[in-house]
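# Chain and residue survey
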Amino acid sequence: MRGTPLQPSNFRQRVWGPALQLAGVESEGYRFHDLRHTCVSRLVAAGPDVKLVQAVAGHANPLITLKRYSHLLDGRVTEAADRFDPARVT
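So, here is what we can say about the structure in this document. (Residues numbered from 1 in each chain as written. Predicted model: local features only at pLDDT ≥ 70, side-chain atom pairs only at ≥ 80, totals over all residues. Heavy atoms only, no water.)

### Quick notes on the environment of E79
As for its placement among the helices and strands, E79 is situated in helix α5 (residues 74-83). Taking relative accessible area as the criterion, E79 reaches 46% and is therefore assigned partly exposed. The spacing of E79 and I64 is 15 residues in sequence and 24 Å in space, taken between C-alpha atoms. (Helix = DSSP H or I, 4+ residues; strand = E, 2+ residues; numbered from the N terminus. Buried < 20%, exposed > 50% of the residue type's maximum accessible area, 1.4 Å probe, protein only.)

Rendered as structure tokens:
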């Protein structure tokens, strides 16, 4: 029937599987949810504030976002500390 939501198994069979096959990565084990994680991870890497990332991710609370993606901020913290170090000679 047209115009109705796909059932998860139908989505995997009709849409997700063929898309992975077309991309040549069907044996890699990618899940549809991995797209969401990749999107949010790339957004974090781009440097917006946590409230924007929270809104895009749909998290109820920015602490959820920070807990899940804090590992991506480590390099940015070091970079910021180096850049704004008052003892640093320019």
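### Section: the pattern of salt bridges
In this structure the tally under the stated criterion is one salt bridge. A salt bridge links R31 to D34, with the nearest nitrogen and oxygen atoms 2.6 Å apart. For R31, a relative accessible area of 51% gives the class exposed. What makes D34 buried here is its relative accessible area of 18%. (Salt bridge = Lys/Arg side-chain N within 4 Å of Asp/Glu carboxyl O.)

### Thoughts on helix α2 (residues 33-46)
With 14 residues, α2 should cover 20 Å at 1.5 Å per step; its first-to-last C-alpha distance of 20 Å lies within 8% of that length. Every buried residue of α2 is accounted for by D34, V40, S41 and V44. Taken end-on, α2 shows its buried residues confined to a sector of 130°, consistent with a single buried face. Turned more than 90 degrees away from the buried face of α2 sit R42 and A46, all of them exposed. Just beyond α2, the residue with positive phi is G47, at close to 95°. (Expected span 1.5 Å × (residues − 1). Arc of directions from axis to C-beta.)

### Some words on helix α3 (residues 50-57)
Buried within α3 we find V53, Q54 and A57. Looking straight down α3, one finds that the buried residues subtend no more than 105° of arc, so they occupy a single side. For α3, the elements touching its buried residues are α2 and α4 (62-69). By the N-cap criterion, in which a side-chain oxygen at the helix start approaches the backbone nitrogen of a residue two or three places on, α3 is capped by D49, the distance to K51 being 3.0 Å. (Contact = heavy atoms within 4.5 Å. Polar contact = N/O pair within 3.5 Å; in protein donor to acceptor, adjacent residues only side chain to side chain.)

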